[in-house]
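Residues per chain are reported as follows:
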Amino acid sequence: MKIVMIFDQIQSGLGTKDDTMVPLTGKKEAVGPAVMMQPFLKEIDGRVTACLCCGNGTYLENPDEVSRKLCAMVKKLQPDVVICGPAFNYEDYGEMCARVAADINATTDSRAFAAMAQENDRVISRYKDQVMIVRTPKKGGLGLNDSLKNMCRVAKAMAENSGELDKLRAEVCF
């Protein structure tokens, strides 16, 4: 199973919270949380084939354009599943994750979902009926490994279009 992950500048390792204008880019390797997910990816026979990212400011400056370009990149890469996040408790990043996941589901053949912490309650309430949103702890919170494993479980169920998806939606999503 081929997975693409979408990150902000912090999770991709390309910048800090102050480096918000990192341009849209991609790497054909696992970075950030994708590296931490490796043991769980092995359990589901999955691999991260690319990580796409941009700064929060870049996204906020033109969300329609950034989302359109990310969808075009996903179409070109043709992953089975796209994981947007984990956004933890970063609201702007959470907004990007949810919006882009919804757009990927609407405009590509790939399936996508978002992952974020409950502190992003405004984003969650706006998007939870449009896209699956896997629960994560806030940055530095406990339970990250469980969340990464759950993200992999959801990715596998999405790729296989399995009946397990409804159970996972109730169990690990908002």
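The structure under discussion appears in the preceding block.
Residues numbered from 1 in each chain as written. Predicted model: local features only at pLDDT ≥ 70, side-chain atom pairs only at ≥ 80, totals over all residues. Heavy atoms only, no water.

## Topic: the overall build of the protein chain
Along the backbone of the protein chain there are 8 helices and 6 strands. Its helices and strands in sequence order give the protein chain the pattern β-β-α-α-β-α-α-β-α-β-α-β-α-α, from N to C terminus. Scaling as 2.2 N^0.38, a compact globule of 174 residues should have a C-alpha radius of gyration of about 16 Å, and the protein chain matches this with 14 Å. In terms of overall dimensions, the protein chain has C-alpha extents of about 40 × 35 × 30 Å along its principal axes. Looking at the protein chain as a whole, 50% of its 174 residues are labelled buried. (Helix = DSSP H or I, 4+ residues; strand = E, 2+ residues; numbered from the N terminus. Rg over C-alpha atoms; globule rule 2.2 N^0.38 Å. Buried < 20%, exposed > 50% of the residue type's maximum accessible area, 1.4 Å probe, protein only.)

## With respect to the environment of Leu14
Relative to the helices and strands, Leu14 is located in the loop between strand 1 (2-7) and strand 2 (25-27). Apart from residues lying up to four places away in sequence, Leu14 is in contact with Gln9, Val22, Thr25, Lys27 and Cys53. (Contact = heavy atoms within 4.5 Å.)

## Considering the sheet that holds strand 6 (residues 133-136)
Ordered by their spatial adjacency, 6 strands build an open sheet running 2-3-1-4-5-6, and the pairing between neighbours is mixed. Both outer strands of the open sheet, strand 2 and strand 6, are each paired with one neighbouring strand and no more. This sheet shows a mean twist of 25 degrees between the axes of neighbouring strands, independent of strand direction. For strand 2 and strand 3 (residues 47-53), the ladder comprises 3 bridges, and the chain directions are antiparallel. Paired with Lys27 across the bridge in strand 3 is Cys51. Most of the contacts of helix 7 (residues 144-160) go to strand 5 (residues 111-117), to which it runs at about 160 degrees, and overall it touches strand 1, strand 4 (81-84), strand 5 and strand 6. (Pairing = 2+ DSSP bridges. Axes fitted to C-alpha atoms, helices over the stretch in contact; angles between N-to-C directions.)

## Let's talk about the nonpolar core
Within the largest apolar cluster, 57 residues are counted, with the highest numbers of intra-cluster contacts made by Met5 and Phe113. Phe113 has contacts with Val81, Val82, Ile83, Cys84, Ala101, Val131, Met132, Val134, Met151, Val154, Ala155 and Met158, leaving out every residue within four places of it along the chain. (Core = buried A, V, L, I, M, F, W, Y, C linked by side-chain atoms within 4.5 Å.)

## A closer look at the environment of Ser67
Mapping Ser67 onto the fold places it in helix 4 (residues 63-77). For the pair Ser67 and Ala102, spaced 35 residues apart in sequence, the C-alpha separation works out to 9.7 Å. Residues contacting Ser67, with those up to four places away along its chain left out, are Arg99, Val100 and Asp103.

## Looking at the packing of aromatic side chains
Evaluation of the coordinates by the stated rule reveals 0 aromatic pairs. Between the NZ or CZ atom of Arg135 and the centre of the ring of Phe174, over which it lies, the distance is 5.8 Å. Sitting over the ring of Phe88, Lys139 keeps its end group 5.0 Å from the ring centre. (Phe/Tyr/Trp six-rings, centres within 6.5 Å; stacked < 30°, edge-to-face > 60°. Lys NZ or Arg CZ within 6 Å of the ring centre and 35° of its normal.)

## As for the pairing of strand 4
Neither face of strand 4 is left uncovered, since the one carrying Val81 and Ile83 and the one carrying Val82 and Cys84 both have all their residues buried. Sheet topology note: the strand 1/strand 4 ladder contains 4 bridges and is parallel. Its bridge partner being in strand 4, Ile6 is matched across the sheet by Cys84.

## Quick notes on the pattern of salt bridges
For the structure shown, the criterion picks out 9 salt bridges. We note a salt bridge from Glu91 to Arg122, for which the minimum N-O separation is 2.6 Å. You can see Glu91 sitting in helix 5 (residues 91-107) and its partner Arg122 sitting in helix 6 (residues 121-127), a full 31 residues away along the chain. Classification of Glu91 by relative accessible area gives partly exposed; the value is 33%. We classify Arg122 as exposed; its relative accessible area is 53%. Between Arg99 and Asp103 there is a salt bridge; the shortest N-O distance is 2.7 Å. Of this pair, Arg99 and Asp103 are both found in helix 5, 4 residues apart, which corresponds to roughly one turn of the helix. Through salt bridges with shared partners, a single network forms among Asp64, Arg99 and Asp103. (Salt bridge = Lys/Arg side-chain N within 4 Å of Asp/Glu carboxyl O.)

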